[in-house]
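One letter stands for each residue in the lines below.
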Amino acid sequence: ALLGGTLGGQTPSAADSRNDPIPIVFVHGNGDTAELWHVIMWRFESNFYPRNSLFAIDLRNPNARTDNNVAEPGKSSTEEVKDQLADFVAQVRQFTGASKVVLVGNSRGANTIRNYVKNGGGASEVSKVVLGGGVNHGVFHNAALLPNSEFNGASAFMQQLNAGPN
């Protein structure tokens, strides 16, 4: 379900959002929830950004796996969170009628956004990206230590994400 509009207890109708500015989707980091963005969304609202153009995804199983390639109870892979973001962006675009969104993310959310834009079809659906506290080159870089960790700059995931365009 879309979180935009629901934090205040009201869900705007699609008709209300036709002339609104480009929707903004906020993406939280490792182990966090959409609630992280409450204050930021309120600040946007206090600066007259319409509430029905602000959305925050609540990623399921928000903690990263120790090994991205091995299922781990209660944790998600880079592919899973990328797909969740893709689905959420599609819902936001359908709800608002917008052709593109702005993505704002922090920490693991930055990895998720970059992965979606580069590998998940997001390049054609995203107008701008704002990343804060992203681990663009990993938290550590060591091919021998947790080689398939999303947070290892030497991992195949991070190497691919940092290679080439996008």
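Residues numbered from 1 in each chain as written. Predicted model: local features only at pLDDT ≥ 70, side-chain atom pairs only at ≥ 80, totals over all residues. Heavy atoms only, no water.

Student: Explain the environment of E45 to me, please; I cannot follow it from the model alone.
Tutor: Considering the arrangement of structural elements, one finds E45 in helix α1 (residues 38–46). By relative accessible area, which is 28% here, E45 ends up partly exposed. E45 has contacts with R51 and L54, leaving out every residue within four places of it along the chain. (Helix = DSSP H or I, 4+ residues; strand = E, 2+ residues; numbered from the N terminus. Buried < 20%, exposed > 50% of the residue type's maximum accessible area, 1.4 Å probe, protein only. Contact = heavy atoms within 4.5 Å.)

Student: What exactly am I supposed to notice about the packing of aromatic side chains here?
Tutor: Here the distance between the centres and the angle between the planes together describe a pair of aromatic rings. Under the definition given, this model contains four aromatic pairs. Ring geometry for F26 and W37: centres 5.0 Å apart, planes at 35 degrees, overall tilted. On the criterion of sequence distance, the pair formed by F26 in strand β1 (residues 24–27) and W37 in the loop between β1 and α1 is long-range, its members being 11 residues apart. Grouping aromatic residues by their ring pairs yields a cluster made of F26, W37, F44 and Y49. (Phe/Tyr/Trp six-rings, centres within 6.5 Å; stacked < 30°, edge-to-face > 60°.)

Student: Which parts of the structure should I look at to understand the pattern of salt bridges?
Tutor: Two side chains of opposite charge can pair, provided their charged atoms sit close to one another. This structure, assessed with the given rule, holds seven salt bridges. Here K75 ties to E72 by a salt bridge, and the two come within 3.3 Å at their closest N and O atoms. For E72, a relative accessible area of 24% puts it in the partly exposed group. The partner of E150 in a salt bridge is R108, with the nearest N and O atoms 2.9 Å apart. Of the two residues, E150 sits in the loop between β6 (126–132) and α4 (156–162) while R108 sits in helix α3 (residues 108–119), which places them 42 residues apart along the sequence. Residues E150 and R108 agree in their burial class; the two are buried. Salt bridges linked by common partners bring E79, K82 and D83 together as one network. (Salt bridge = Lys/Arg side-chain N within 4 Å of Asp/Glu carboxyl O.)

Student: Would you mind going over the nonpolar core with me for this structure?
Tutor: Side chains that are nonpolar tend, in soluble globular proteins, to be buried together. Core analysis: the largest hydrophobic core is formed by 18 residues, its most contacted members being V25, V27, L85, V101, L103 and Y116. Residue contributions to this core peak at seven residues, all from helix α2 (residues 78–96). Once you skip the residues sitting within four places of it in the chain, L103 turns out to touch V25, L85, V89, I113, Y116, V117, V126, K128, V129 and V130. With 10 residues, the next largest nonpolar core counts I24, W37, A56 and V104 among its residues. (Core = buried A, V, L, I, M, F, W, Y, C linked by side-chain atoms within 4.5 Å.)

Student: Which parts of the structure should I look at to understand unusual backbone geometry?
Tutor: Note on backbone geometry: most residues besides glycine have negative phi, and most peptide bonds are trans. Positive phi, normally seen in glycine, also occurs at S107, with a value near 50 degrees. The partly exposed category is assigned to S107, whose relative accessible area is 25%. Here the phi dihedral of L146 falls at roughly 45 degrees; this positive angle occurs in a residue that is not glycine. Within the secondary structure, L146 sits in the loop between β6 and α4. L146 sits in the partly exposed class, given a relative accessible area of 38%.

As far as function goes, none of this settles anything; it's purely spatial.
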